Amino acid sequence: MDQFSTDVSKRTLAALQRPLRLTRLGMFAEVAVRSLWPMMSVIMFALAAAMLGLHEAIAIEWIWALVGVTAGACVWAIAYAVRRWSWPTRTDAMVRLDNSLPGHPLTAILDAQAIGAQDDASAAVWRAHQRRMSARAAVAQAVPADLRVSARDPYALRYVAVLMFGMALLFGSVWRVGTVAEMVSGGTNTVATGPVWEGWAEPPRYTGKPTLYLNDQAEGRLVLPIGTLITMRLYGEVGALDVVESVSGAPHGAGPDTAPEMAFDFKVNQSGEISVSGANGRSWDVAVRADAAPEIVILGAPKVAALGEMRLPFAAKDDYGVEAGEARIMLDLASVERRYGLEAEPDPRAEITVPLPMPIAGDRTAFEENLIDDFSQHPWANLPVTVMMTALDAAEQQAQTAPMQITLPGRRFFDPTAAAVIEMRRDILWSVDNSRRSAQILRAISYLPEDVFRSQTTALRLRKLISRIETQARYGMDEENRTKLAQDMWDLALELEEGDLEDARERMRRAQERLNEAMKNGASDEEIAELMQELRRATEEYMQQLQREQAERRDGQDPQEGEQGETMQMTQDDLQRMMDRIQELMKQGRMAEAEQALQELQELMENMQVTQGEQGEGGQSAGEQAMEGLADTLREQQGLSDRAFRDLQEQFNPNAQAGENPDNEGRNGGQGRGESHEGQQGQGEDGQEENAEQGGGDQSADDRSGRVDEQDLAQRQQQLRDELRRQEGRMPGQGTPEGDAARESLDRAGEAMDQAEQNLRNGELAEAIDNQSQAMEALRESMRSLGEAIAQEERDQQPGQGTQDGDRRASNRDPLGRDQGNSGATGSDSEAELNDDAYGRARELLDEIRRRSGEATRPEVERDYLNRLLDRF
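Residues numbered from 1 in each chain as written. Predicted model: local features only at pLDDT ≥ 70, side-chain atom pairs only at ≥ 80, totals over all residues. Heavy atoms only, no water.

Attention now moves to the overall build of the protein. A tally of regular secondary structure across the protein gives 28 helices and 19 strands. Buried positions account for 37% of the 873 residues belonging to the protein. In the protein, once contacts between residues fewer than 6 apart in sequence are set aside, the share between residues at least 24 apart is 70%. (Helix = DSSP H or I, 4+ residues; strand = E, 2+ residues; numbered from the N terminus. Buried < 20%, exposed > 50% of the residue type's maximum accessible area, 1.4 Å probe, protein only. Contact = heavy atoms within 4.5 Å.)

So this is what it looks like as structure tokens:
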């Protein structure tokens, strides 16, 4: 071999050191697996049997036999391994690596040129061949080991051994392996020294406690929940072990004629002792953890909705959770005023049982809920009753509240005839003996039907009910017929109370009468609010009907005829103010004044002529009135926002106001120059100097007044929200896409105003300003949508019937000299017409904002607000 071939072979073998080493290790693994798999399988079989306790369950003779078989298998496995063991050499690894490469490059590199070595051309060819083989060998990778022994283990005994060993690790114990030698050395007497008993303590499932394996519990004190199930199992010679316990409360012990037991099952009912007597026995002092009874309490008096629905709050708790509960309502007969129909002895009636609501998800150990139900149709409605609530836990322990005396809530009827029907219905359900008397009273009430009923149909229904009552009173009234009769009387009373009137005037008159009766009968605040809402709806419907009637009359007569005569004109705003006044008087308890105001409202409604939607106040249309109202709301909201910002400035820099506000635009921004912070006339320069001289002397007074100012702002914000809510009911364009968009924007504005009010009450001025900005943006969007709706209505009108919006449009200008557009945004809808003074004013404003935002001494919340203004404009 020449020098070139020697250098090539050395470089190649040096580069192949790592692949050769890994290939040799793989070959060693193959030899180990193929030689030692029988021995490993035998060892895993033996360990699995010992760990699973097989030697504890069979006789000692069988144990000796298994030990002999295991020893013989180990000898055979060792011989098998020695016979097949061969240590792989470096040459073996090189041969395997060379065989894995195409062309056997390692063999070619180690070869020498046999002929032609003296020929230069032949030598050049040989060197080129070796270089090519060296390059091919340089990319060689280690040959993976072949660990498959399926040909030598066709029955897969190695997998069975691995499976058994894995099961022993999961379910067996390594400590049992050591007991094999003890049993073998001790002969037959060693069976009693092993663990020949087992026990488990299983607490009740509702406790959520885990099951305990008693063999793992040390002797001594053991705390268990009451009701825990103890299971004991004894193994080995009968009678060698016994279980003695005093926790179940039952007698235990084997009599002279009783066969020994090998299994014990009992529950822990009391503290005591559990002991296993015999070899390897154990004893525990059991302390019982008692299950506390549940607790339940009624949190207060029931709250009653306007239509009679009851909401009764309660709280319950239990150490492991409340399972169920119920409320029992019983008639308090001693507290019932026994007169009229209640004078007779009541028919037997079962108490009312209502299941209590439980939390669907979450913890039941302690919770608060409300019992919500409507007992308006029950015979005990509006009568004295006694309420008791019961709670039950999983251990079937009960807790009960103290009896609470209440008046069972139910719907109240304010129509006199409906109230009379309901009272007679109650009397019939109270006692069948009241049937004849109830029929007589109802017949007397309906003697002149034209004075009582608004329709003949209702009068005929009542007469039919009276005939049914008289017939069943004569021939006997069973429970089924009484139930049907009570349901029919309830339906009739609802029709009398609520009515089914098509005429808006009659609905309004009915609502006024019901409200008047409610004030006389001392209705609750919820009932008054519900009746006032009904009156508002009925009045609005009547106004709309009256507008349509007036429009029809004007179409059939000359304009001059319509102007003759004296008529009283009222707008919807006037009616809303009158009804607000009535509701306010009722809330204050001034019922006499409220009745007088309601009577005046009734007289005005009878004699008034409502202003038309198409020709309203000042000759404006309904859309223009709505637009003007929204514009006023927007201006007031802007003023509130400006005042909140001034308060925020003074909160962090109280002495900066005099120098930074030379025009004295106080906190009531948008309300004119020269006005003081509290809405009074400014004092001019002298007043400013006087305030400056006072300096920090009034600081404490300002701090005290700050909270008052914030509450005043919150009150004004609430009033503005109420005004917006009133305007929502008068928005035109209902049913059109533009009108719906305007209403959606108003809803967003209302939500933002509510948030701003809450922020102001909490003293969070920065958050309030953000919410007020959102409210103003939503108002502008609503006004844009409303303007589109009005324009669409005008386009839909016939020629000559359109309104002259241009002549009636306001000429107000914003601080930059632009006309305010119909959309509500700052500036006109057309191209802005700005003069030099307006441009200069805009530049001054922006420069001032930039200057203030760059002052590091200002509060961070103020600078954040100024930066947002710069980002927007």
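After presenting the structure, the write-up continues.
Here we come to the nonpolar core. Counting 32 residues, the largest nonpolar core has Leu-630, Leu-724, Met-731, Leu-779 and Leu-786 as its most contacted members. Sort the elements by how many residues they give to this core and helix H25 (residues 765-796) lands first, with ten residues. Beyond its immediate stretch of four places on either side in the chain, Leu-779 contacts Leu-630, Thr-633, Leu-634, Leu-724, Leu-746, Ala-749 and Met-753. (Core = buried A, V, L, I, M, F, W, Y, C linked by side-chain atoms within 4.5 Å.)

Under the criterion given, the structure shown has ten aromatic pairs. Ring centres of Trp-37 and Tyr-80 lie 6.4 Å apart, and the angle between their planes is 80 degrees; on these two criteria the pair is classed as edge-to-face. Pair noted here: Trp-37 is in helix H2 (residues 17-51) and Tyr-80 is in helix H4 (residues 60-84), with a separation of 43 residues, a long-range link. For the pair shown, Trp-37 and Tyr-80 are each scored as buried. (Phe/Tyr/Trp six-rings, centres within 6.5 Å; stacked < 30°, edge-to-face > 60°.)

Here we take up H2. Structurally, the α-helix is built with 3.6 residues per turn, so residues lying three or four positions apart point the same way. By the largest-angle criterion, Leu-36 marks the main kink of H2, which is about 55 degrees, and a proline, Pro-38, follows within four residues. Immediately beyond the C-terminal end of H2, within one or two residues, lies Gly-53, with a positive phi of roughly 80 degrees. (Bend = angle between axes of the 7 residues up to and from the residue.)

Together, Leu-52, Leu-163, Met-167, Leu-170 and Phe-171 make up a nonpolar patch on the protein surface, roughly 570 Å² of accessible area in all. Along the chain, the position of Met-167 falls in helix H8 (residues 157-171). With relative accessibility at 41%, the residue Met-167 sits in the partly exposed group. (Patch = residues over 30% accessible without salt bridge, like charges linked within 9 Å, V, L, I, M, F, W, Y side chains within 5 Å. Areas by Shrake-Rupley, 256 points an atom, 1.4 Å probe, with all protein chains shown as cover. Salt bridge = Lys/Arg side-chain N within 4 Å of Asp/Glu carboxyl O.)

Relative to the helices and strands, Gln-377 is located in the loop between strand E14 (366-374) and strand E15 (384-393). Judged by relative accessible area, Gln-377 falls into the partly exposed class, the value being 36%. Taking the C-alpha atoms as reference, Gln-377 lies 9.3 Å from Ile-422; in sequence the two are 45 residues apart. Non-local contacts of Gln-377, meaning those with residues more than four positions away in its chain, are made with Arg-425, Gln-487 and Trp-490.

Our focus in this paragraph is a positive patch on the surface. The grouping of Arg-18, Arg-21, Arg-24 and Arg-90 at the surface amounts to a positive patch. Among the elements that take part in the positive patch, H2 stands out by supplying three residues, more than any other. Positionally, Arg-18 belongs in helix H2. Of the residues examined, Arg-18 reaches a relative accessible area of 59% and is grouped as exposed. (Lys, Arg positive; Asp, Glu negative; His and termini not counted. Charge placed at Lys NZ, Arg CZ, Asp CG, Glu CD.)

This brings us to unusual backbone geometry. Even without being glycine, His-104 reaches a positive phi, approximately 45 degrees. Tracing the backbone shows His-104 in the loop between helix H5 (90-99) and helix H6 (105-110). On the basis of relative accessibility, which here comes to 38%, the residue His-104 falls in the partly exposed class. Here Glu-396, not a glycine, exhibits a phi torsion of approximately 65 degrees, which is positive. As for its position among the elements, Glu-396 is in the loop between E15 and strand E16 (398-400).

A few words on the confidence of the model for the protein. Residues of the protein with pLDDT of at least 70 account for 76%, and the chain-wide mean is 76. Considering only residues more than four positions removed or in separate chains, one finds that residues 187-195, a stretch of pLDDT under 50, has eleven contacts. Within the model, the stretch residues 609-619 combines pLDDT values under 50 with 30 contacts to residues more than four positions away or in other chains. (pLDDT = per-residue confidence, 0-100.)

Per the counting criterion, the structure on display carries 24 salt bridges. Of the charged contacts, one joins Glu-781 and Arg-748 as a salt bridge, the two residues approaching to 2.4 Å between their closest N and O atoms. One end of the pair, Glu-781, is in helix H25; the other, Arg-748, is in helix H24 (residues 737-761), and 33 residues separate them in sequence. Among the residues examined, Arg-748 registers a relative accessible area of 39% and is labelled partly exposed.

On to the sheet that holds strand E2 (residues 212-213). Pairing in this open sheet of four strands is antiparallel, and the strands run E2-E1-E4-E6 from one edge to the other. Since the sheet does not close on itself, it has two edges, and those belong to E2 and strand E6 (263-267), each with one partner. Of the strand pairs in this sheet, strand E1 (residues 197-202) and E2 are connected by two bridges, and their pairing is antiparallel. Bridged to Trp-200 within E2 is Tyr-213. (Pairing = 2+ DSSP bridges.)

You can see Ser-438 is positioned in helix H11 (residues 435-445). Classification of Ser-438 as buried rests on a relative accessible area of 0%. The contacts of Ser-438, once residues within four sequence positions are left out, are Met-424, Asp-427 and Ile-428.

In this section: the packing of H11 against helix H13 (residues 456-475). Running from N to C, H11 and H13 cross one another at 155 degrees; their axes reach a closest spacing of 9 Å. One finds that H11 runs roughly antiparallel with respect to H13. Our pair here, H11 against H13, has a crossing hand that is left-handed. Contact with H11, carried on its side by Ser-435, Arg-436, Ala-439, Leu-442 and Arg-443, involves Leu-462, Ile-466, Ile-469, Glu-470, Ala-473 and Arg-474 of H13 and no other residues of that element. Considering only residue class, the contact of H11 with H13 consists of six nonpolar, one polar and four charged. (Axes fitted to C-alpha atoms, helices over the stretch in contact; angles between N-to-C directions. Parallel < 35°, antiparallel > 145°, perpendicular 65-115°, else oblique. Left-handed = near helix turned anticlockwise from the far one by under 90°. Nonpolar A, V, L, I, M, F, W, Y, C, P; charged D, E, K, R; others polar.)

Let us look at the side chain of Arg-721. Secondary-structure assignment places Arg-721 in helix H23 (residues 699-728). Excluding its chain neighbours within four sequence positions, the residues that come into contact with Arg-721 are Glu-728, Gly-750, Met-753 and Asp-754.

Here the focus is the pairing of strand E13 (residues 352-355). Judged by which residues are buried, E13 turns out to be one-sided: Ile-352 and Val-354 face inward and are buried, whereas Thr-353 and Pro-355, on the alternate face, are not. Summarising the sheet, strand E12 (residues 322-331) and E13 pair through four bridges and their orientation is antiparallel. Each residue of the ladder has a partner; that of Arg-328, found in E13, is Thr-353.

Overall, mixed pairing links the four strands, which are arranged E3-E8-E7-E5 in an open sheet. In this open sheet, the two strands that pair with only one neighbour each are strand E3 (220-225) and strand E5 (242-245). Between one strand axis and the next, the sheet turns by 25 degrees as a mean value, whatever way the strands run. One ladder, built from five bridges, connects strand E7 (residues 272-277) with strand E8 (residues 282-289); its direction is antiparallel. Each residue of the ladder has a partner; that of Gly-272, found in E8, is Val-286.

Next up on the list: the packing of H2 against H5. Look at H2 against H5: their axes get within 9 Å of each other, and the N-to-C directions meet at 105 degrees. Relative to H5, H2 is oriented roughly perpendicular. Contact residues: H2 offers Gln-17, Pro-19, Leu-20, Thr-23, Arg-24, Met-27 and Glu-30, while H5 offers Arg-90, Asp-92, Ala-93, Met-94, Arg-96 and Leu-97. Per-class residue counts for the contact of H2 with H5 are six nonpolar, two polar and five charged.

Another point: the pairing of E8. In terms of strand pairing, E3 meets E8 through six bridges, oriented parallel. Residue pairing for E8: Leu-222 is matched across the bridge by Val-286. Turn length for the E7-E8 hairpin, with the two strands adjacent in sequence and antiparallel, is four residues, and the turn residue Gly-278 shows positive phi of about 125 degrees.

Together, Asp-740, Glu-744, Asp-747 and Glu-751 line one region of the surface with negative charge. Mapping Asp-747 onto the fold places it in helix H24. Judged by relative accessible area, Asp-747 falls into the partly exposed class, the value being 39%.

All right, on to the environment of Asp-285 then. With respect to the secondary-structure elements, Asp-285 resides in strand E8. Apart from residues lying up to four places away in sequence, Asp-285 is in contact with Gly-220, Arg-221, Leu-222, Gly-272 and Glu-273.

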